[in-house]
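# Coordinate inspection notes
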Amino acid sequence: MTEMSYLDGNMLDGPLRELFAVDLSAATGRCEACGTTGPMAGLHVYPHAPGLVARCPACQGVMLRLVRTPQRAWLDLRGATYLGIPLPPDQPYPRPL
Amino acid sequence: MSPGFQGRPRSAQPALPPGQYLTEDFPVLSAGPTPKVGPETWEFVVTTEAGAEYRWSWAEFTALPQDTPTVDIHCVTRWSKLGTTWQGVSLDVLLDGVDTGAAYALVHSYGGYSTNLPMADLRGGRAWVVHRYDGGDLPAEHGGPARLLVPHLYFWKSAKWVRGIRLGTTDEPGFWETAGYHDYGDPWREQRYAGD
């Protein structure tokens, strides 16, 4: 039996860079299905499909789906309860009181 | 050429739906790991809008009257493959005796995949649950033990590793239909994406 190969989440860098100003490869995400938290780069990405499907490495739950049509991108993150995105220590909003 | 082969003559230029190219191999597309489900645990379930369930074990399913459709298939990723040969059970057989007035079906699979289509597209000799391809058992990477085959729609509607169908009075979009793909997916009208 042939097991479908997957790529690691680093391959999402290019497709997501088209959407986001920040680099999401260093972001952490929490799986909605099993609660596992880990780097986006550690997701299992199945690219041989009508869109990109990124799954939790622990439970294989779908955390992210990205479909790029000619006119728009469809990003579904319902399988991720959050993305934690590293930012510089600057905090413009809210300003310290 | 095998006896009884009903495909198009090789010399004829095949007509493809718009935007498609012809392929001779059979690309494997998958949105996740291949589910491991053997005939001993496999079952197929039709659930009606009233909650009634109709179940078939592997032995019961393979004992049903068999069809051997030869059909062209069209993937939304733009490849088409002509004259593919399958063996399986028509949805007309599986739905015969199922008490339902549902207009919509949500097909669900081992591994969590789903896809929706109107009931009318499952009937009339246009849809099957197939378990053999090209003279052999359906390989797991192509959806074995059994997959849906609805060749008049884009091939993402032909769910691999099919487990059952939920019948409903409202249209519930499936895995790709909730992520930008067309609700119906007619390749001849090039209904690839939502809004096409």
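Everything below is about the structure shown above.
Anyway, here's the lowdown on the structure attached to this text. (Residues numbered from 1 in each chain as written. Chains lettered and ligands numbered in written order. Predicted model: local features only at pLDDT ≥ 70, side-chain atom pairs only at ≥ 80, totals over all residues. Heavy atoms only, no water.)

## Comments concerning the sheet that holds strand β7 (residues 114–118) of chain B
All names here are of chain B. Read from one edge of the open sheet, 5 strands run β3-β2-β11-β6-β7, paired in mixed fashion. Pairing within the sheet leaves two strands with one partner each, and these edge strands are β3 (53–57) and β7. Strand after strand, the sheet turns through a mean of 15° between neighbouring axes, direction not considered. Here strand β2 (residues 43–47) runs beside strand β11 (residues 162–168); their pairing, made up of 3 bridges, is parallel. (Pairing = 2+ DSSP bridges. Helix = DSSP H or I, 4+ residues; strand = E, 2+ residues; numbered from the N terminus. Axes fitted to C-alpha atoms, helices over the stretch in contact; angles between N-to-C directions.)

## Comments concerning the interface of chain A and chain B
The partner chain B presents 20 residues to the 21 residues of chain A that form the contact. Buried area between chain A and chain B, summed over both chains or domains, comes out near 1900 Å², and the portion from carbon and sulfur atoms is 64%. Joining chain A to chain B, the criterion identifies 0 salt bridges. Where chain A meets chain B, there are 6 residue pairs in polar contact (both at pLDDT 80 or more). Broken down by secondary-structure element, the contributors of at least two residues to the side of chain A that touches chain B are β5 (52–55), β6 (62–68) and β7 (73–76) of chain A. In terms of residue count, the dominant contributor to the side of chain A that touches chain B is β6 of chain A (4 residues). Its residues assigned to classes, the side of chain A that touches chain B shows 10 nonpolar, 5 polar and 6 charged. (Contact = heavy atoms within 4.5 Å. Buried area = accessible area lost by both parts, 1.4 Å probe. Salt bridge = Lys/Arg side-chain N within 4 Å of Asp/Glu carboxyl O. Polar contact = N/O pair within 3.5 Å; in protein donor to acceptor, adjacent residues only side chain to side chain. Nonpolar A, V, L, I, M, F, W, Y, C, P; charged D, E, K, R; others polar.)

## Here we look at the environment of S57 of chain B
Following the sequence through the fold, S57 of chain B ends up in strand β3. Sequence separation between S57 of chain B and F44 of chain B is 13 residues, and the spatial gap between their C-alpha atoms is 6.7 Å.

## Some details on the sheet that holds β7 of chain A
In a beta sheet, neighbouring strands are held together by backbone hydrogen bonds and run either parallel or antiparallel to one another. All names here are of chain A. If you trace the 5 strands from one edge of the open sheet to the other, you get β1-β4-β5-β6-β7, paired in antiparallel fashion. Taken across any chain shown, the strands that pair with only one partner, and hence form the sheet edges, are β1 (7–8) and β7. In the sheet, β5 pairs with β6 via 4 bridges, with the strands oriented antiparallel. Looking at the pairing, L52 lines up with L66 of β6.

## Section: the pairing of strand β8 (residues 128–133) of chain B
Residues and elements named next belong to chain B. Within β8, 5 of the 6 residues are buried, which leaves it mostly tucked inside the rest of the structure. Here strand β5 (residues 79–90) runs beside β8; their pairing, made up of 5 bridges, is antiparallel. Following the sheet pairing, W86 is matched in β8 by Y133. Pairing analysis gives 3 bridges linking β8 to strand β10 (residues 147–149), with the strands arranged antiparallel. Counted as the bridge partner of W128 is L149 from β10. Note that β8 and strand β9 (residues 136–137) share 2 bridges and pair antiparallel. (Buried < 20%, exposed > 50% of the residue type's maximum accessible area, 1.4 Å probe, protein only.)

## Observations regarding the pattern of salt bridges
Evaluation of the coordinates by the stated rule reveals 11 salt bridges over all chains. The closest approach of N and O atoms between R65 of chain A and D76 of chain A, which form a salt bridge, is 2.5 Å. Of the two residues, R65 of chain A sits in strand β6 while D76 of chain A sits in strand β7, which places them 11 residues apart along the sequence. By relative accessible area, which is 4% here, R65 of chain A ends up buried. Under the relative-accessibility criterion, D76 of chain A is labelled buried at 12%. With a shortest N-O distance of 2.7 Å, R55 of chain B and E53 of chain B are connected by a salt bridge. R55 of chain B sits in the partly exposed class, given a relative accessible area of 43%. Take E53 of chain B: its relative accessible area is 46%, and that puts it in the partly exposed class.

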